[in-house]
Amino acid sequence: MKKMICKELGGTCDKELTAQSWDEMVGKMTTHVMENHPDVAKDMEKMHAADSQKWGAEMKPKWEAAPEI
Ligand SMILES: [Zn+2]
């Protein structure tokens, strides 16, 4: 299990998200952003449309670096 903060994943708050895997973290962050940060969700959608690999390429190293909890 690893813990990341919304801000680390491109969001705007200090909400802690925990997940067993990167895929689970992506799902939790997506849900969190859509529910809490509609503006960020729009930006992420645009980013994803322009380059579907970009967000993951930027964020996954932070997941890899996060310590196991
Ligand atoms: Zn947030």
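What comes next is a walk through the structure. (Residues numbered from 1 in each chain as written. Predicted model: local features only at pLDDT ≥ 70, side-chain atom pairs only at ≥ 80, totals over all residues. Heavy atoms only, no water.)

Concerning the environment of Met 1
Its place among the elements puts Met 1 in the segment before strand E1 (2-5). Sequence-wise, Met 1 and Ile 69 are 68 residues apart; in three dimensions their C-alpha atoms are separated by 5.5 Å. Those residues within four positions of Met 1 in sequence are excluded, and the remaining contacts are Thr 18, Ala 19, Gln 20, Pro 67, Glu 68 and Ile 69. (Helix = DSSP H or I, 4+ residues; strand = E, 2+ residues; numbered from the N terminus. Contact = heavy atoms within 4.5 Å.)

Some details on the coordination of the zinc ion
Taken together, Cys 6 (SG), Cys 13 (SG), His 32 (NE2) and His 37 (NE2) make up the protein donors of the zinc ion, found 2.0 to 2.3 Å from the metal. For Cys 6, a relative accessible area of 0% puts it in the buried group. (Donors = N, O, S within 2.8 Å, 3.2 Å for Na, K, Ca; no water. Buried < 20%, exposed > 50% of the residue type's maximum accessible area, 1.4 Å probe, protein only.)

Observations concerning the side chain of His 32
Along the chain, His 32 falls in helix H1 (residues 22-36). A polar contact is formed between the side chain of His 32 and the side chain of His 37, at a distance of 3.3 Å. The contact partners of His 32, leaving out residues within four places of it in the chain, are Cys 6, Cys 13, Lys 15, Leu 17 and His 37. (Polar contact = N/O pair within 3.5 Å; in protein donor to acceptor, adjacent residues only side chain to side chain.)

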